[in-house]
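Examination of the molecular architecture
Each chain, letter by letter, is given below.
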Amino acid sequence: MNVLLIGSGGREHALAWKIVQSPLLDKLYCAPGNAGIANLANCVELDVADHAAVLQFCKTHNVKLVVVGPEVPLVNGLVDDLEKAGIAAFGPSAKAAALEGSKTFTKQLCDRKNIPTAQYQDFNNAPKAKAYVRNHSMPVVIKADGLAAGKGVIIAQTVMEASNAIDDCFEGEFGDAGAEIIIEDFLSGEEASMFYLCDGGTALLLGTAQDHKRVGEGDTGPNTGGMGAYSPAPVVDAKIERQVMDEIILPTLEGMREMGAPFKGVLYAGLMIDGDGPKLIEYNVRFGDPECQVLMMRLEGDLLPLLMATIDASLTDQQVALNPDPALTVVMASNGYPGSYAKGTVISGADDLNGDNCQIFHAGTALQDGNLVAIGGRVLNITARGNSVGEAQARAYRMVDRIDWPEGFCRCDIGWRAIAREES
Ligand code: AMP
Ligand code: GLY
């Protein structure tokens with residue numbers, strides 16, 4: 001079977017790496033891909049916002065399955081258009097992608113299905129929102145309703161900070177995403193991310209992970225797309241796993257069916273876990289980046305039948321087998337990220353480091369004049385497995401040390417919470 005993968009990040013490199021191991025694959029195409037993916041797939045220039053062009057490409061190249069990595073083409077209905085044309089596509093419909101595309105949509109579903117989450121109110125103007133926070137305990141969480149590339153969440157410690165965040169949202173800081181906001185109670189506890197393959201009715205846990213969103217050591221500084229991750233998330237035990245399935249995931253799937261928008265694809269639940277059990281912070285409707293890198297590093301067996309069963313609604317016949325060893329990934333980013341950074345800086349030493357327990361997944365890379373160069377903010381994902389998070393971490397940082405890239409940096413403490421747990 002020929003497969004087209006959409007995206008260009010470390011997430012897509014990890015997916016490509018698993019997909020090419022499948023005996024079911026004939027040829028893998030990727031649009032647009034990156035320098036690492038180019039070693040595995042035929043990278044093609046395709047405007048993925050132009051659905052007719054994607055359909056045409058699939059027809060001329062006999063593509064039988066399209067795997068969509070990022071959220072924007074999902075929210076824009078690429079899967080709907082592919083399905084209408086009879087091409088199997090992995091990912092939710094535009095209607096079902098509202099679970100990520102609109103925080104208000106998700107909160108209303110939580111209300112209807114009694115799904116545990118933070119108390120909230122939604123607002124479409126600043127004066128009412130500000131009046132609400134003046135009477136609210138601090139901290140309080142302000143969120144732009146729509147897609148804001150992971151940046152539309154502000155945790156305000158004071159009424160002044162909350163009011164400024166409200167003004168920022170309504171003055172267009174997050175574009176159209178901030179035309180509506182929600183204000184919710186601050187939840188304390190430990191975070192975890194859980195990833196489920198969903199075929200509309202059945203959900204199959206693919207794995208758990210924990211990412212590091214902040215740019216600085218000790219989880220400080222501005223938010224990023226993610227500076228590293230590890231799997232499994234130690235806070236998720238069998239009881240939490242059952243509660244999340246019964247109280248959060250299955251009611252969500254039922255609610256989506258009731259709305260005529262069955263959810264098919266990967267449901268990524270961001271959760272806060274404390275003594276009262278798990279609460280939903282947010283949904284994403286795709287694999288996490290860099291969480292996908294650690295999940296693929298642990299997934300045993302063939303990924304393609306799992307993706308196909310998700311589309312065919314036959315997940316009840318499937319099982320997920322994960323390597324019990326933890327995996328950890330360290331993101332190397334261009335100096336300056338998540339702010340502005342230089343493009344075209346040369347990276348050396350990143351070839352030939354891969355082995356049984358270690359893989360480098362590329363994100364913003366390209367080949368220019370025979371050199372590997374950085375063309376994005378997040379650039380490499382140095383990924384390793386070990387018999388503990390500590391061992392995986394040591395292995396990953398040994399690889400980092402062999403990479404020569406003066407214009408790049410990484411956090412030196414990825415996995416610190418899990419390692420402290422292992423050592424206690
Ligand atoms: P989100 O984009 O909704 O995942 O939010 C980004 C991050 O903000 C989350 O991973 C949490 O660390 C934090 N966050 C979001 N909502 C809350 C909340 N209600 N209470 C505490 N932290 C939150
Ligand atoms: N790493 C966070 C995300 O993929 O949304």
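Scroll up a little and you will see the structure.
Per chain, residue numbering runs from 1 following the sequence as it is written. As a convention, the first chain written is A and the first ligand written is 1, with the rest following in written order. For this predicted model, a pLDDT threshold of at least 70 governs which residues receive local features, and a threshold of 80 or more governs which side-chain atom pairs are given and counted, while totals over whole chains, interfaces and linings are taken from all residues. Water and hydrogen atoms were dropped before computing side-chain values, which therefore reflect all heavy atoms in the structure.

**Quick notes on the site of ligand 2**
Working definition: residue near molecule or strand if any one of its non-hydrogen atoms lies within 4 Å of it. Lining the immediate environment of ligand 2, one finds D211, G225, Y268, N284, R286, G288, D289, P290 and E291. Polar contact is the term for a pair of N or O atoms within 3.5 Å; when the atoms are in protein, one must be able to donate a hydrogen and the other to accept it, and sequence-neighboring residues count only if both atoms are side-chain atoms. At 2.9 Å from an oxygen atom of ligand 2 is found a main-chain nitrogen or oxygen belonging to D289. If ligand 2 stood free it would expose 200 Å²; the protein chains cover 88% of that surface. Residues of the shell around ligand 2, tallied by class, amount to two nonpolar, three polar and four charged. With residues, only the protein chains shown are counted as cover, and all accessible areas are computed by Shrake-Rupley using a 1.4 Å probe. In the scheme used here, Gly and all other residues not listed as nonpolar or charged are polar, with Ala, Val, Leu, Ile, Met, Phe, Trp, Tyr, Cys and Pro taken as nonpolar and Asp, Glu, Lys and Arg as charged.

**Digging into the pattern of salt bridges**
Side chains carrying opposite charge are able to pair once their charged atoms draw close together. Basic side-chain nitrogens of Lys or Arg form a salt bridge, by our definition, when they fall within 4 Å of a carboxyl oxygen of Asp or Glu. With the rule as written, the count across this model stands at 16 salt bridges. The salt bridge involving D211 is made with K213; its shortest N-O contact spans 3.6 Å. Summary of the burial criterion: residues with accessible area below 20% of their type's maximum are buried, those above 50% are exposed, and those between are partly exposed, where the area comes from a 1.4 Å probe applied to protein chains only. We classify K213 as partly exposed; its relative accessible area is 33%. Between D219 and R417 there is a salt bridge, with the nearest N and O atoms lying 3.5 Å from each other. Of this pair, D219 sits in the loop between β12 (214-216) and β13 (220-223) while R417 sits in helix α13 (residues 416-423), and the two are 198 residues apart along the sequence. Elements are defined by DSSP. Helices are runs of H or I of four residues or more, strands are runs of E of two residues or more, and each kind is numbered from the N terminus.

**Comments concerning the packing of helix α1 (residues 10-19) against helix α10 (residues 291-298)**
In the contact formed by α1 and α10, the axes pass within 8 Å of each other and the chain directions differ by 15°. On the basis of their axis angle, the class for α1 and α10 is roughly parallel. As α1 runs across α10, the sense of the crossing is left-handed. Here G10, R11, A14, L15, W17 and K18 of α1 lie close against α10, whose contacting residues are C292, Q293, M296 and M297. When grouped by side-chain class, the residues that make up the contact of α1 with α10 number six nonpolar, two polar and two charged. Simply put, an axis is a line fit to the C-alpha atoms, just over the touching stretch for a helix, and the angle between two N-to-C directions goes from 0 to 180 degrees. Oblique is the label for every angle not falling under 35 degrees (roughly parallel), over 145 degrees (roughly antiparallel), or within 65 to 115 degrees (roughly perpendicular). Left-handed is the label given to a crossing in which the near helix is rotated counterclockwise from the far helix by less than a right angle, and right-handed is the label when the rotation is clockwise. Residues are treated as being in contact if the distance between any of their heavy atoms lies within 4.5 Å.

**A closer look at the packing of aromatic side chains**
Any two of the Phe, Tyr and Trp rings considered here, Trp counted by its six-membered ring, make a pair once their centres fall within 6.5 Å; the pair's planes then place it as stacked at under 30 degrees, edge-to-face at over 60, or tilted in between. Scanning the entire structure with this criterion turns up five aromatic pairs. Judged by centre distance (5.2 Å) and plane angle (50°), the ring pair of F123 and Y132 falls under tilted.

**Quick notes on the site of ligand 1**
Ligand 1 sits among 14 residues. The nearest are E184, D185, L187, E191 and E282. One of the backbone nitrogen or oxygen atoms of D185 is found 3.0 Å away from a nitrogen atom of ligand 1. Within the backbone of L187, a nitrogen or oxygen atom sits 2.8 Å from a nitrogen atom of ligand 1. For ligand 1, the accessible surface in isolation is 470 Å², of which the surrounding protein chains cover 90%. Looking at the shell around ligand 1, the elements that each hand over two or more residues are β7 (140-144), β8 (153-156), β9 (181-185) and β16 (277-284).

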